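Spelled out, the chains give:
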Amino acid sequence: MSTLLYRIGKSAYAHPWRLLTAWLLLLAAIGGSLAAFPMHLKNEIRIDGTPAQQVIDDLADRLPEASGGQGIIALRAPAGAHVDDPANQRALLAAVDAIYRSEHVIDARTATAAAGDTLIEAATAIAQATPAPAAGRPLPLISGGTPVPGVLLSGDRAAALITFQFDRQTFELPAGAIERIVDAATSAVSGSGLGVYPSSAMIELPEVVGAGEIIGVLIAAAVLVVTLGSVIAAGLPLVSAFAGVATGVGGALALSHVLQIHSLTVVLALMIGLAVGIDYALFIVNRQRRLILDQGLSAHEATGRATGTAGNAVLFAGATVVIALAALTVIGIELLTVMALVAAATVILVVAASLTLLPALLGLAGSPRPRRGATRDHGTHRLATRWAGLLVRRRHLIAPAAALLALALAVPALHMRLGLPSGEAYDTGTPQRTSYEIVDDSFGAGYNGPLIISASADDGPIDISDLTGLHRDLSSLDGVGLAGLSADGGTAVLSVVPETGPNDERTADLVRAIRDHTGSYQADWDLAVGVTGFAALAIDVSERLADVLPVYLGVVLLLSLLVLLLVFRSILVPLSATAGFLLSIAATFGVTTAVFQWGWLQNLLGMDATTPVLSLLPIIVTGVLYGLAMDYQVFLVSSMREARVHGRHGNDAVVHGFGQAGRVVVAAAVIMTAVFAGFIFNADPMIKQFGLALAAGILIDAFLIRLTLIPALMATFGDRAWNLPGPLARLLPDLDIEGDRLITHLAGSATTRQPEPTPVAR
């Protein structure tokens, strides 16, 4: 493989415009496809087969008008005023009218009348059986002597809550539909002093790239300049990475009108693609410059050798990331499968850009001036060599200390709670957080995530007495603040408002209690009962992903051992690398839990929202971090193996290999951390959590595990680290990721080649 990559690198260097034209044509084709078929992303976290999702799907068949997404808008009066003051009430009614007249909103005023006598009679019976609201409890808005459907006033009349139904799921709404509804409500109350605050359920698509992400890339560019010593050289990895990411992410967006692609899929592909794309290109450019400046090779020859040696390591490092991501498909969850395949495809494309486009760009950039009298050993870095020497001398102290520190960071993970982001996960001052707080303070936390109860009769319409009996039983459960009827027919829908918030464990207990009673509801009232809603979905998604996480982790660890066994032809190296990965992933989960769930260090990060850890995060971060951790393992330990192949042994090979690769691994880790950290400042809480988890994971894995623990362990193992039983050694292929056979072949060719005659000056 190294020989093939060597030829590709030299050919791309010699004929750069061929490769540039090919990549430009590919990007143009993707751009044309996006122009013809605009992207269509979704925000729904859907996992088929879960009880809550099954209820939604059943409602879509039985009662389509009740299966759409829910909108919640809170309104607050100025201090000292009430929302039902004459002027404010007129503005409030105008806002309600504007919302119900909006496209894709079901008008509850006409839907109630159209539902038929059964609904009216059942609603009347329920109203008669329901005690009058206690002082301070929410009240219906009365207009013309009748309640206005979907509108509640707070007990102190300082706030109003408008709840309404869309005719389809939120992610299926046309672009701009939600924004137009909010604008219509805001225009209706303008001049009244009422504030309009949409809930987090009314978010269309997050901002993928903002100021934080741009700053992260600028930091990466600065690190490249310092590492490579040239603005031009630093720009090449950025161009190569951007081309690969644009192709991968652009291709996914071009297919979004055919495939169901979550907005988080695009963000993850962008994050991973940028980080690994810049790092992979850095390794190749750094090797090319070393060959030119330290060994005096021509730029053409150095590019070929860098592509054949460092490019070979890049190819295998990229393969580990792709394997880790592709392994997510074995879980059988469509959402994760699409995320994994899009991210893996993006990684493949940035690897392809590093191995083809980058050598072409090097051909256009020309050659730096070589240093006279330089030798290969000048590629080592003094500070890296000193650090490696310290690790070798104090290995019996440093190795356990690094492991204990990782375990200490992992302690908060023992208390990790999984959930989905609600309005409380947004930072103070955002409309979503303000809406959540208004509802929490004025109506009760449960109104931020009401449960939806479906009740279906086996045959014919539901009997009124059965429906009122079910309502009475639901109202009697601990934790129920309010239960009310909202639809009827052969299938009825009731709304249950918990006393606690959507991410509160007591709300989860209520969901489980309702599900535990479904058998008695069937026996007593002849009704099949199901429960869905935000809290129910969060429980089901979290439990399903928690169940499959150990399976996926086992698959990843097995792959880790097999891949590293092939790459390094060693038993101890794969075992130590895999143990290090377990420490880094546990510490990453601990840091993520401490920051988001406990609120530690949030002031330093500009955050102030405590929330459960996103259900999707552990399993996705496990896959991504494994792939990236193995990147650093491959680049660092392969340098040690290369030093041993060239005659160094024991501690000398560890120190020399670390000195060769340590500086560029540090630069790569800083770059990757900066790219991920830029996403911490995104307004969307899901993106924020992924940004912090991946940034923390890279810091921990690169600096604590790969650059500290692993070299100390390698020094402890000595030459035994490279032992491989004879039968296994004969069975396994020698992949030669260091490209040593290529260098030997080129050296042999150089010695047999006749020297060219020196031109005579005239």
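Residues numbered from 1 in each chain as written. Predicted model: local features only at pLDDT ≥ 70, side-chain atom pairs only at ≥ 80, totals over all residues. Heavy atoms only, no water.

**Observations regarding the overall build of the protein**
Item 1. Of regular secondary structure, the protein possesses 25 helices and 14 strands.
Item 2. Scored against the burial criterion, the 762 residues of the protein give a buried share of 55%.
Item 3. Across the protein, the fraction of contacts at a sequence separation of at least 24, relative to all contacts at a separation of at least 6, is 81%.
Item 4. Of the roughly 30800 Å² of accessible surface on the protein, a fraction of 61% belongs to carbon and sulfur atoms. (Helix = DSSP H or I, 4+ residues; strand = E, 2+ residues; numbered from the N terminus. Buried < 20%, exposed > 50% of the residue type's maximum accessible area, 1.4 Å probe, protein only. Contact = heavy atoms within 4.5 Å. Areas by Shrake-Rupley, 256 points an atom, 1.4 Å probe, with all protein chains shown as cover.)

**Observations regarding helix α11 (residues 299-326)**
Item 1. At Gly-311, α11 shows its largest bend, some 40°.
Item 2. Taking burial as the measure, the 28 residues of α11 include 23 buried ones, the bulk of the element. (Bend = angle between axes of the 7 residues up to and from the residue.)

**Remarks on the packing of helix α4 (residues 86-100) against helix α7 (residues 177-188)**
Item 1. It is at 8 Å that the axes of α4 and α7 come closest, and there the two elements cross at 155°. By the angle between their axes, α4 is roughly antiparallel relative to α7. The two elements α4 and α7 cross, and the hand of that crossing is right-handed. Taken together, the residues of α7 that come into contact with α4 (itself represented by Ala-91, Ala-94, Ala-95, Ala-98 and Ile-99) are Ile-181, Ala-184, Ala-185 and Ala-188.
Item 2. Residues of the contact of α4 with α7, tallied by class, amount to nine nonpolar, no polar and no charged. (Axes fitted to C-alpha atoms, helices over the stretch in contact; angles between N-to-C directions. Parallel < 35°, antiparallel > 145°, perpendicular 65-115°, else oblique. Left-handed = near helix turned anticlockwise from the far one by under 90°. Nonpolar A, V, L, I, M, F, W, Y, C, P; charged D, E, K, R; others polar.)

**Digging into the side chain of Thr-265**
Item 1. Mapping Thr-265 onto the fold places it in helix α10 (residues 263-295).
Item 2. Filtering out sequence-adjacent residues up to four positions away, Thr-265 remains in contact with Val-338, Met-339 and Val-342.

**Some details on the confidence of the model for the protein**
Item 1. Per-residue confidence for the protein gives a mean pLDDT of 81, with 88% of residues at or over 70.
Item 2. In the model of the protein, helix α6 (residues 117-129) stands out as the element of lowest mean pLDDT, 47, in contrast to helix α14 (residues 395-410), which has the highest, 95.
Item 3. Taken together, the stretch residues 112-121 has pLDDT below 50 and engages in nine contacts with residues farther than four places along the chain or on a different chain. (pLDDT = per-residue confidence, 0-100.)

**Describing the pattern of salt bridges**
Item 1. This model, assessed by the stated rule, comprises 15 salt bridges.
Item 2. We note a salt bridge from Glu-301 to Lys-10, for which the minimum N-O separation is 3.2 Å. On the criterion of sequence distance, the pair formed by Glu-301 in helix α11 and Lys-10 in helix α1 (residues 2-14) is long-range, its members being 291 residues apart.
Item 3. Among the salt bridges present, the one from Lys-688 reaches Asp-427, with a minimum N-O distance of 3.4 Å. Highlighted residues: Lys-688 in helix α23 (residues 685-717) and Asp-427 in the loop between β9 (418-419) and α15 (431-442), separated in sequence by 261 residues. Summarising the burial analysis for this pair, Lys-688 and Asp-427 share the class buried.
Item 4. Residues joined in a network through salt bridges with shared partners are Glu-505, Asp-509, Arg-512 and Glu-543. (Salt bridge = Lys/Arg side-chain N within 4 Å of Asp/Glu carboxyl O.)

**Some points on the packing of aromatic side chains**
Item 1. Taken as a whole, this structure holds six aromatic pairs when the rule is applied.
Item 2. A connected cluster of aromatic rings, assembled from ring pairs, spans Tyr-280, Phe-283 and Phe-635. (Phe/Tyr/Trp six-rings, centres within 6.5 Å; stacked < 30°, edge-to-face > 60°.)

**Describing the pairing of strand β12 (residues 491-498)**
Item 1. With seven of eight residues buried, β12 is to be regarded as a mostly interior element.
Item 2. In this structure, strand β10 (residues 451-457) lies alongside β12, joined through six bridges in antiparallel fashion. Looking across to β12, one finds that Ala-455 is bridged to Ala-492. (Pairing = 2+ DSSP bridges.)

**Some points on helix α13 (residues 382-393)**
Item 1. Counted at 1.5 Å a residue, the expected span for α13 with its twelve residues is 16 Å, and the 17 Å between its end C-alpha atoms agrees.
Item 2. Taken together, the buried positions of α13 are occupied by Ala-384, Ala-388, Gly-389, Leu-391 and Val-392. Down the axis of α13, the smallest arc covering the buried residues is 160°, so these residues share one side. Of the exposed residues in α13, the ones pointing more than 90 degrees away from its buried face are Arg-382, Leu-383, Arg-386 and Arg-393.
Item 3. Contact partners of the buried residues in α13: α14, α22 (650-678) and α23. (Expected span 1.5 Å × (residues − 1). Arc of directions from axis to C-beta.)

**Quick look at the nonpolar core**
Item 1. Leu-616, Phe-690 and Met-714 are the most contacted members of the largest nonpolar core, which has 159 residues in total.
Item 2. By residue number, the principal contributor to this core is α10, which donates 21 residues.
Item 3. Residue contacts for Met-714: discarding those within four places in its chain leaves Val-573, Val-637, Met-640, Val-654, Ala-721 and Trp-722. (Core = buried A, V, L, I, M, F, W, Y, C linked by side-chain atoms within 4.5 Å.)

**Examining the packing of α10 against α22**
Geometrically, a packed helix pair is captured by the angle between its two axes and the distance between the axes.
Item 1. Packing of α10 against α22 brings their axes to within 9 Å, and their N-to-C directions diverge by 155°. Considered as vectors, α10 and α22 are oriented roughly antiparallel to each other. At the point where α10 passes α22, the crossing takes the right-handed sense. Across from Met-271, Ile-272, Leu-274, Ala-275, Val-276, Ile-278, Asp-279, Leu-282, Phe-283, Asn-286 and Arg-290 in α10, the residues of α22 making contact are Gln-660, Val-664, Val-665, Ala-667, Ala-668, Ile-671, Met-672, Val-675 and Phe-676.

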